[in-house]
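Understanding the architecture of this molecule
The chain contents come next:
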Amino acid sequence: MVQMKKDAGRIRIWRNDAIAGVELLRASGTQHHFPKHFHDAYAIHLHERGTMAFQYGQPQVALTPGNINVLAPGVVHMCLPVGEQALNYRCLFLSPAFLQYAVLDPGATRLPLFERLLCPGDIKLFQSLGSAHRRLKTDNDTLEAETLLTGGLAALAAYSGQPHVRIEAGSEPRHVTTIREFLNANYDRRIALADLARLVGLNPVYLVRSFRSSVGLPPHAYQRQLRLSRAQQLLRSGTPPAEVAETVGFADQSHLSRLFKQTTGVTPADYAKGL
């Protein structure tokens, strides 16, 4: 377990080695504030105790016990406790490849899901996904765990077809797409704002304002999140934290550790252990 010194709560992240593309988080008694960030996987948040504010773009959602909140990869969001009560919640992080395998019929080509989705009171769905999360904690019965998980995901996919719970993402300007693609390809390099301005032929001030408005983060913060996502991938593969820091472009291991814990709730070393 990872002891959170700031709020005396606990956040734990682990993986079930028998099921690739699935990562789990369990938070107990925590008031950790997660700054703006995004994931490289679908994030399914199951809220159990207290009230948590989720903010993505302009909408802000207050999650209460029994609520499910789901975000697609790349959706920038911030989450923080509301009030003094400590929070309990579970999260499932699912790679697009696993989700495609789990919910698509053979021959289908598009994930039947969403950018952002709030399920405010479906108790049966909440219990189904929660049971899958608990079963995935161990390797004792992988068949049961995966059956529960895929069943819950199928129900979630069906739920996402209801128009009133969908929050569609807007299209972004072409220059924002160009900058995103450039940063995706060069996340580990030092990049000057002037380089980005020349790339798209825009004034730097307008460029930053437009990018932040479309993506939810300014370019430098978006690049930092790309580095953290890549760091997670390398840590999962067994790369030592010091080597990870150098590979993804951080100044040193301490810089990686500080930002990594701020964003995920655990240190790189504890994340790598997956205990």
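Shown above is the structure to which this text applies.
Before going into details, it helps to say that this report is about the structure given with it. Bear in mind the structure is a predicted one, so any value in this text is a computation, not a measurement.

1. A few points about the packing of helix α4 (residues 174–185) against helix α5 (residues 193–200)
Viewed as axis vectors pointing N to C, α4 and α5 meet at an angle of 130°, and their least axial separation amounts to 10 Å. One element, α4, and the other, α5, form an angle in the oblique class. Of the two possible hands of crossing, α4 and α5 adopt the one that is right-handed. Between α4 and α5, the contacting residues are His-175, Thr-178, Ile-179, Phe-182 and Leu-183 on the first element and Leu-196, Leu-199 and Val-200 on the second. Broken down by class, the residue content of the contact of α4 with α5 amounts to six nonpolar, two polar and no charged.

2. Describing the environment of Arg-189
Structurally, Arg-189 is set in the loop between α4 and α5. Judged by its relative accessible area of 42%, Arg-189 falls in the partly exposed class. Sequence-wise, Arg-189 and Phe-250 are 61 residues apart; in three dimensions their C-alpha atoms are separated by 9.5 Å. Beyond its immediate chain neighbours, meaning those up to four positions away, Arg-189 contacts Phe-182, Gln-223 and Arg-227. Side chain to side chain, Arg-189 and Asn-186 meet in a polar contact 2.9 Å long.

3. Let's talk about the environment of Val-82
Tracing the sequence through the fold places Val-82 in the loop between β8 (77–81) and β9 (87–94). Residues Val-82 and Ala-53, spaced 29 residues apart in sequence, show a C-alpha to C-alpha distance of 6.3 Å. Filtering out sequence-adjacent residues up to four positions away, Val-82 remains in contact with Thr-51, Met-52 and Ala-53.

4. Looking at the environment of Pro-241
The topology assignment puts Pro-241 in helix α8 (residues 241–248). Residue contacts for Pro-241: discarding those within four places in its chain leaves Leu-235, Gln-253, Leu-256, Pro-268 and Ala-269.

5. Concerning the side chain of His-39
Structurally, the position occupied by His-39 is in the loop between β3 (34–37) and β4 (42–49). Polar side-chain contacts of His-39 include one of 3.4 Å to the side chain of His-37. Those residues in contact with His-39, other than ones at most four positions away along the chain, are Pro-73, Gly-74, His-77 and Phe-93.

6. Details of helix α7 (residues 219–236)
For α7, built from 18 residues, the straight-helix expectation of 26 Å at 1.5 Å per residue is met to within 8% by its first-to-last C-alpha distance of 26 Å. In terms of burial, α7 is a largely internal element, 13 of the 18 residues being buried. Residue Gly-238 follows α7 closely and has a positive phi angle near 100°.

Cut-off values and rules
Residues numbered from 1 in each chain as written. Predicted model: local features only at pLDDT ≥ 70, side-chain atom pairs only at ≥ 80, totals over all residues. Heavy atoms only, no water. Axes fitted to C-alpha atoms, helices over the stretch in contact; angles between N-to-C directions. Helix = DSSP H or I, 4+ residues; strand = E, 2+ residues; numbered from the N terminus. Parallel < 35°, antiparallel > 145°, perpendicular 65-115°, else oblique. Left-handed = near helix turned anticlockwise from the far one by under 90°. Contact = heavy atoms within 4.5 Å. Nonpolar A, V, L, I, M, F, W, Y, C, P; charged D, E, K, R; others polar. Buried < 20%, exposed > 50% of the residue type's maximum accessible area, 1.4 Å probe, protein only. Polar contact = N/O pair within 3.5 Å; in protein donor to acceptor, adjacent residues only side chain to side chain. Expected span 1.5 Å × (residues − 1).

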